[in-house]
Amino acid sequence: MILALMAVSILSVSAQEKKTIELPAWLNNVKLSGYGMVQYQGLDKEGAHENSFQLRLVRLALDGRIQQDWYWKLQLQLNGNTSALNVSPRMVDVFAEWQKYKFFMVKAGQFKRPFTFENPMHPITQGFMSYSQPISKLAGFADRTGEQSSNGRDIGVQIQGDFLKDKTGRNLLHYQIGVFNGEGINQKDKDNKKDIIGGLWVMPIKGMRIGAFGWTGTRYMETTETVIDFNPYPSTQTTVKKTESVRKNRYAISADYQQNDWTFRAEYVHSQGYAANKDKGDKADGWYALCIAPIIKNKLHVKARYDCYRDQKTWESSKTFYEVGADYLFNKNVQLNIEYARVNERATHQNYNLVDVELDFRF
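### What to know about the environment of Pro294
1) Next: Relative to the helices and strands, Pro294 is located in strand E12 (residues 283-296).
2) Next: Placed 32 residues apart in sequence, Pro294 and Trp262 show a C-alpha to C-alpha distance of 6.3 Å.
3) Next: The residues contacting Pro294, other than those within four sequence positions of it, are Asn260, Asp261, Trp262, Leu300 and His301.

### Remarks on the pairing of strand E1 (residues 31-43)
1) Next: One ladder, built from 13 bridges, connects E1 with strand E2 (residues 50-66); its direction is antiparallel. When the bridges of E2 are listed, Tyr40 appears paired with Phe53.
2) Next: Adjacent in sequence and paired antiparallel, E1 and E2 are bridged by six residues, among which Gly47 carries a positive phi angle near 80 degrees.
3) Next: Here E1 pairs with strand E16 (residues 350-362) via nine bridges, running antiparallel. Along E16, the bridge assignment pairs Gly42 with Val355.

### Digging into the packing of aromatic side chains
1) Next: Inspection of the entire model under this criterion finds 19 aromatic pairs.
2) Next: Pairing Phe117 with Phe213 gives two aromatic rings, centres 5.5 Å apart and planes at 90 degrees, and the pair type is edge-to-face. With Phe117 in the loop between strand E5 (104-112) and helix H2 (133-138) and Phe213 in strand E9 (residues 208-229), the pair connects residues that are 96 residues apart, well separated along the chain.
3) Next: Here the aromatic rings of Trp201 and Phe213 are separated by 5.8 Å at their centres, their planes lie at 50 degrees, and the arrangement is tilted. In this pair, Trp201 is assigned in strand E8 (residues 195-202) and Phe213 in strand E9, connecting sequence segments 12 residues apart.
4) Next: Classification of Trp201 as buried rests on a relative accessible area of 9%.
5) Next: Connected via pairs of aromatic rings, a cluster forms that spans Phe115, Phe117, Trp201, Phe213 and Trp215.
6) Next: Between the NZ or CZ atom of Arg250 and the centre of the ring of Trp215, over which it lies, the distance is 5.0 Å.
7) Next: The ring of Trp315 has Arg310 lying over it, and the distance from NZ or CZ to the ring centre is 4.9 Å.

### Considerations on the pattern of salt bridges
1) Next: Counting across every chain of the model gives 19 salt bridges.
2) Next: In this structure, Asp195 engages Lys248 in a salt bridge whose closest nitrogen and oxygen atoms are separated by 3.3 Å. Highlighted residues: Asp195 in strand E8 and Lys248 in strand E10 (residues 236-259), separated in sequence by 53 residues. Judged on exposure class, the residue Asp195 and its partner Lys248 are both buried.
3) Next: Salt bridges here are not isolated pairs; linked through shared partners, they connect Lys45, Lys319 and Glu345.

So, how was this worked out
- Residues numbered from 1 in each chain as written.
- Predicted model: local features only at pLDDT ≥ 70, side-chain atom pairs only at ≥ 80, totals over all residues.
- Heavy atoms only, no water.
- Helix = DSSP H or I, 4+ residues; strand = E, 2+ residues; numbered from the N terminus.
- Contact = heavy atoms within 4.5 Å.
- Pairing = 2+ DSSP bridges.
- Phe/Tyr/Trp six-rings, centres within 6.5 Å; stacked < 30°, edge-to-face > 60°.
- Buried < 20%, exposed > 50% of the residue type's maximum accessible area, 1.4 Å probe, protein only.
- Lys NZ or Arg CZ within 6 Å of the ring centre and 35° of its normal.
- Salt bridge = Lys/Arg side-chain N within 4 Å of Asp/Glu carboxyl O.

Now the structure itself:
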């Protein structure tokens, strides 16, 4: 932006001197955009009451094209605590994609992992006060492996494309597959082993997608394990810390339908691979189903979501949100969201209420 402003100033001076300086053509395609999400949230969980305003997300982005075939994007997250990398202002997207052929596009850099339908969605348009628990815990947000919060992103290379058109010219199939470090954003690969993530979906009718995703890889992490020594009597119990490369295998089955301002979406995600605390076991899963219905098309919606996550793939470890809410669009760039959730935590034997209000805006 500074270079562009300097160039404009030079052009102004040059015009007075009857001289011209040509700027690179790709600068004409550069776009500045961003969004903010201001949030109020209150809950009455026993021993952990909360009642607070906060900035959920604040981001600025630059994107554009170099010639016609190349698309690029830089996106910076501004809110957070500067004392720690995982929550400080940081770069979340840095990538370029060759888009000459729609059936074969190549993307390289730091971007969303190609896993599940919900993960790549914009935080505002995904529809609810947060991404669902299965996505947050098993796609790289607050991941159960303990990796730094990475907003579902990683560094790598990906190919993707749409093909097999019907009579109307609409593509029926989409594929995507990528190779990634497996450590999250702004991190080198610590164990020199890569994650492979991919997906395939069909689009049988307009607005509908039915897909499956797979993910295999490792994470180099510090794990904790409880060790009980029965000799000598009485037994002793200690917590042992280890640093090792831990295998993770995940899959997801997904479906969504968006047409005439209606949205239906459901996904199941399964994970095999130890959490940062090995005592939690090596399996977890979760699922959600949601509906967003228009009361006034493109203006007022009501919505509901059932969101369940099992941290150890047992009902005793489950946490479930039963959510209802509404949103109102003042215009295409400003939106108000109100939600209520009844939360059931079986691990702590608690039920509590949660209220969330958000004002989202973008430019």
